[in-house]
Amino acid sequence: MLAMLAAVKGDWDMMFLWLVVALIVDGLDGPLARHFQVKDYWPTYDGVLLDLIIDYLTYVFIPAFALFQSGLLPGWTGWCAIIVITYTSALYFVDTRMKTKDNSFAGFPACWNMVVLVLFALKPNFYVTLALIVILAATMFTNLKFVHPVRTDRWRFVTLPMALGWICFAAWAAHVDFHPESWARTGLIITSFYLMLAGIVQELIPEKDHA
């Protein structure tokens, strides 16, 4: 709600800072819930469903609103983007096949909060922005693998620091109001490319069987 209130006022740096906070909480709540056996002690409440509801708001709805309201996608491109983002993400969130056996994601996991923040930092041409959104939305309906920074075991010694680095660069970029000369932009590009492509590379390089 704090992120949405900031977005309505066009206070983009504060909106993204709140979304970064939400991203940190999202990375911690699952391990904490499993550690304290919440499913056993509070079985009548579905933590997975609660997580999906919150994720849709913070990962999809608020970033889509910000992208549309900011003017990064003018005219029909903005309408196209928010329809594509919200509709495909809703379908992805109810797909029971979204997780792979190694706890990665099958298809782009609707992390539009991360994508939109990078777009705010880089401000590419609006056709490039729209093309990226359509391509990522299309991958939701494929089996292309995207790593989970916490739960994917393979390469976690690299993935987790990359994810933490992304969070730091994102907070830095928002703090300096997405200044074009900030080193945060370079950090966001490097860490985003890794998080985007690591799962696909893992599929291309099968893990050796040590049995």
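Fair warning: this is a prediction, and the values are worked out from it, not measured in the lab.

Participant: Help me understand the packing of aromatic side chains, please; the structure alone is not making it clear to me.
Facilitator: Evaluated as defined, the whole model comprises 11 aromatic pairs. In textbook terms, an aromatic cluster arises when at least three aromatic residues are bridged by ring pairs, as seen for W12, F16, F120 and F178.

Participant: Looking at this structure, how should I read a nonpolar patch on the surface?
Facilitator: On the surface, I24, L28, L32, F36, V38, Y41, W42 and Y45 cluster together into a nonpolar patch covering about 910 Å² of accessible area. Contributing elements (two or more residues each) for the nonpolar patch: α2 (12-35) and α3 (38-41). Here the element with the most residues in the nonpolar patch is α2; it accounts for 3 residues. Here W42 lies in the loop between α3 and α4 (47-70).

Participant: Mind showing me how you'd approach the packing of α4 against helix α6 (residues 112-122) here?
Facilitator: When two helices pack together, their arrangement is given by the angle between their axes and by how far apart the axes lie. Where α4 meets α6, the axes come as close as 8 Å, and the angle between the chain directions of the two elements is 25 degrees. Here α6 runs roughly parallel to α4, going by the angle between their axes. The two elements α4 and α6 meet at a crossing, and its hand is left-handed. Residues T58, Y59, V60, P63, A66, L67 and S70 of α4 form the contact with α6, whose own contacting residues are W112, N113, V116, L119 and F120.

Participant: Help me out: how do you make sense of the side chain of S104 in this one?
Facilitator: Tracing the backbone shows S104 in the loop between α5 (76-93) and β1 (105-106). On the basis of relative accessibility, which here comes to 0%, the residue S104 falls in the buried class. In this structure the side chain of S104 is engaged in a polar contact, spanning 3.1 Å, whose partner is the side chain of D102. The residues touching S104, leaving out its near neighbours within four places in the chain, are M98, K99, K145, F146, V147, H148 and T152.

Conventions we followed
Residues numbered from 1 in each chain as written. Predicted model: local features only at pLDDT ≥ 70, side-chain atom pairs only at ≥ 80, totals over all residues. Heavy atoms only, no water. Phe/Tyr/Trp six-rings, centres within 6.5 Å; stacked < 30°, edge-to-face > 60°. Patch = residues over 30% accessible without salt bridge, like charges linked within 9 Å, V, L, I, M, F, W, Y side chains within 5 Å. Areas by Shrake-Rupley, 256 points an atom, 1.4 Å probe, with all protein chains shown as cover. Salt bridge = Lys/Arg side-chain N within 4 Å of Asp/Glu carboxyl O. Helix = DSSP H or I, 4+ residues; strand = E, 2+ residues; numbered from the N terminus. Axes fitted to C-alpha atoms, helices over the stretch in contact; angles between N-to-C directions. Parallel < 35°, antiparallel > 145°, perpendicular 65-115°, else oblique. Left-handed = near helix turned anticlockwise from the far one by under 90°. Contact = heavy atoms within 4.5 Å. Buried < 20%, exposed > 50% of the residue type's maximum accessible area, 1.4 Å probe, protein only. Polar contact = N/O pair within 3.5 Å; in protein donor to acceptor, adjacent residues only side chain to side chain.

Fair warning: the whole summary comes from geometry, so function is off the table for now.
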